[in-house]
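Observations on the model geometry
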Amino acid sequence: MDRITVGIIGFGTVGTGVAKILLQGEKELENRAGLPVKLKYIADLDTTTDRGIKLPEGMLIPDANKLIEDPDVNTVVEVIGGENPAQTFIKKALSLGKNVVTSNKEVIAKHFVEFTELAKANNCTILYEAAVGGGIPVLHAVRNSLAANRIEKVFGIVNGTTNYILSKMTSSGADFAATLKEAQKLGYAEADPKNDVEGFDVAYKLAILASLAFRCHVDYKEIYREGITKITAKDIADARKFGYTIKMAAIGINHGDSVELRVHPVMVENSHPLSSVNDVFNAIYIRGNSLGDSMLYGRGAGELPTASAVAGDIMNLAFRAKEGFQKDTDFNLKEIKILPREKCVTSFFISCLVNDESGVLAALASILSQKGVSIRSMQQVSAENNCAAITCITHPVEEGKMDNAIAEIKELPNVREISSIIRVGLGQ
């Protein structure tokens, strides 16, 4: 190609940011790329709302198919989000031999294999840097800069909504419901926040990140997922007493013959850098066999941070324009087993409400010991109405063994409820 001619599908927050970058920086981008980078069309059903950017006459159109079918457009940018109709538009563009850039983590997590096979068959490519970590160039780092490493572990905070909610709960002492309402009012959480607070968004992103880091196919449905809706103000306070901060984490560990993939809240030691990643910021740790540990940090969402990653992929295409796109290593991924959750090893924080009677603490400790769970610390605090609160933190243990212990503890006559079970630390 002697030029990159772009059509953007979606003129929301991210689409507006991409248009600003391409239109306002056109000359500078051409100088860097060594060939023109032109925005020809933006397709969106809403062609009347003012987005705060002046577009040339005829650039904004309502028909995405017209954009895709235009022979001048060789690069289609999809930023509408969701599975459909994004999947349809991407498949059509790839089938016509057009390169695709997307920020859509859901459609990539669900249709990665299909898209890469289409791209390979039609001598084009699909890039999706903005799908994980917003403006943080983590996929580029894994795919290129760390290509000589065997990636042993990836973990971090990759969802701004849940990080904002947990950060505000930590700083204010408010409960989940009130903090979620505040996040929705500020635009950090959707009216229907399920994808974020139930962990689906993080699972999509971990599937993408792990597939590149561990060079294997990852089905997002096989990732263990647990949201933050059960985290209480008391959990936050208990974590603080023990020297921890609660974060929503994506964890991927390469065991060689299998990979461990988990998405759930976790108590992070206050000495760990992730504990101080707050509000809508994201941070991703990568451990390579040669590199050791490295952390990438930045804004995980927003108009220009996410648009920066999308525009970066467009520039990547420009740099590769004369080479063709058949050498994408993303197409060559192996099959590997996902380690069952029951075999994953982690530490646990457990909080129980029990009758304030002698022998209860000993009974709990005995069950944990019998099930192979070693206790690191344990304490009992008297409460009202002849109750006591028992909290303990375990040493690392297989989750299956913890499941067995919890099931037996629930049957004890003096245990009123197990109020919280939260994982501690970021995996072995």
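Since the structure is predicted, the reported quantities are computational estimates derived from the model, not experimental observations.

**Considering the packing of aromatic side chains**
For the coordinates displayed, the defined rule picks out six aromatic pairs. Judged by centre distance (5.1 Å) and plane angle (5 degrees), the rings of Phe155 and Tyr285 are stacked. Remark: Tyr285 occurs in strand E11 (residues 281–288) and Phe155 occurs in strand E7 (residues 151–157); sequence separation between them is 130 residues. Note on Phe155: relative accessible area 5%, which makes it buried.

**Points about helix H14 (residues 399–410)**
Over its twelve residues, H14 runs 16 Å from end to end, which matches the ideal 16 Å to within 8%, given 1.5 Å per residue. Residues of H14 that are buried: Glu399, Gly400, Met402, Ala405, Ile406 and Ile409. On the buried face of H14, the contacting elements are strand E10 (258–269), strand E14 (345–355), helix H13 (360–370), strand E16 (387–394), strand E17 (397–398) and strand E18 (415–424).

**Some thoughts on the packing of helix H4 (residues 86–95) against helix H5 (residues 105–121)**
For the pair H4 and H5, the least separation of the axes is 10 Å and the interaxial angle reads 15 degrees. Judged by the angle between their axes, H4 and H5 are roughly parallel. When you trace H4 past H5, the crossing you get is right-handed. From H4, Ala86, Gln87, Ile90, Lys91, Leu94 and Ser95 reach across to H5, where they touch Val107, His111, Glu114, Phe115, Leu118 and Ala119. For the contact of H4 with H5, the per-class residue count stands at seven nonpolar, three polar and two charged.

**A word on unusual backbone geometry**
The residue after Asn84, namely Pro85, is reached through a cis peptide bond having omega 10 degrees. Mapped onto the elements, Pro85 comes out in the loop between strand E4 (75–78) and H4. In the Ramachandran plot, Asn123 falls in the positive-phi region, its phi being about 55 degrees despite a non-glycine side chain. The topology assignment puts Asn123 in the loop between H5 and strand E6 (126–127).

**As for the nonpolar core**
Counting residues in each nonpolar core, the largest one holds 80 residues, and the members touching the most others are Leu67, Tyr128, Val138, Phe214 and Leu261. With ten residues, helix H10 (residues 200–213) is the largest single contributor of residues to this core. Grouped together as the second largest cluster of nonpolar side chains are 29 residues, Val18, Ala19, Ala33 and Ala307 included.

**Describing the pattern of salt bridges**
The tally for this structure, following the rule as stated, stands at 23 salt bridges. Salt-bridge contacts for Arg32 lead to Glu28; the nearest nitrogen and oxygen are separated by 2.5 Å. Residue Arg32 and its partner Glu28 are both found in helix H2 (residues 26–33); the two are separated by four residues, about one turn of the helix. Arg32 sits in the exposed class, given a relative accessible area of 53%. Of the residues examined, Glu28 reaches a relative accessible area of 45% and is grouped as partly exposed. Residues Lys91 and Glu114 are paired through a salt bridge, measuring 3.1 Å at the closest nitrogen-oxygen approach. Of the two residues, Lys91 sits in helix H4 while Glu114 sits in helix H5, which places them 23 residues apart along the sequence. Judged by its relative accessible area of 28%, Glu114 is partly exposed. Salt bridges here are not isolated pairs; linked through shared partners, they connect Glu226, Arg341, Glu342, Glu399, Asp403 and Arg423.

Procedures and definitions
Residues numbered from 1 in each chain as written. Predicted model: local features only at pLDDT ≥ 70, side-chain atom pairs only at ≥ 80, totals over all residues. Heavy atoms only, no water. Phe/Tyr/Trp six-rings, centres within 6.5 Å; stacked < 30°, edge-to-face > 60°. Helix = DSSP H or I, 4+ residues; strand = E, 2+ residues; numbered from the N terminus. Buried < 20%, exposed > 50% of the residue type's maximum accessible area, 1.4 Å probe, protein only. Expected span 1.5 Å × (residues − 1). Contact = heavy atoms within 4.5 Å. Axes fitted to C-alpha atoms, helices over the stretch in contact; angles between N-to-C directions. Parallel < 35°, antiparallel > 145°, perpendicular 65-115°, else oblique. Left-handed = near helix turned anticlockwise from the far one by under 90°. Nonpolar A, V, L, I, M, F, W, Y, C, P; charged D, E, K, R; others polar. Core = buried A, V, L, I, M, F, W, Y, C linked by side-chain atoms within 4.5 Å. Salt bridge = Lys/Arg side-chain N within 4 Å of Asp/Glu carboxyl O.

From the geometry alone we can't say anything about function, so treat these as descriptive.
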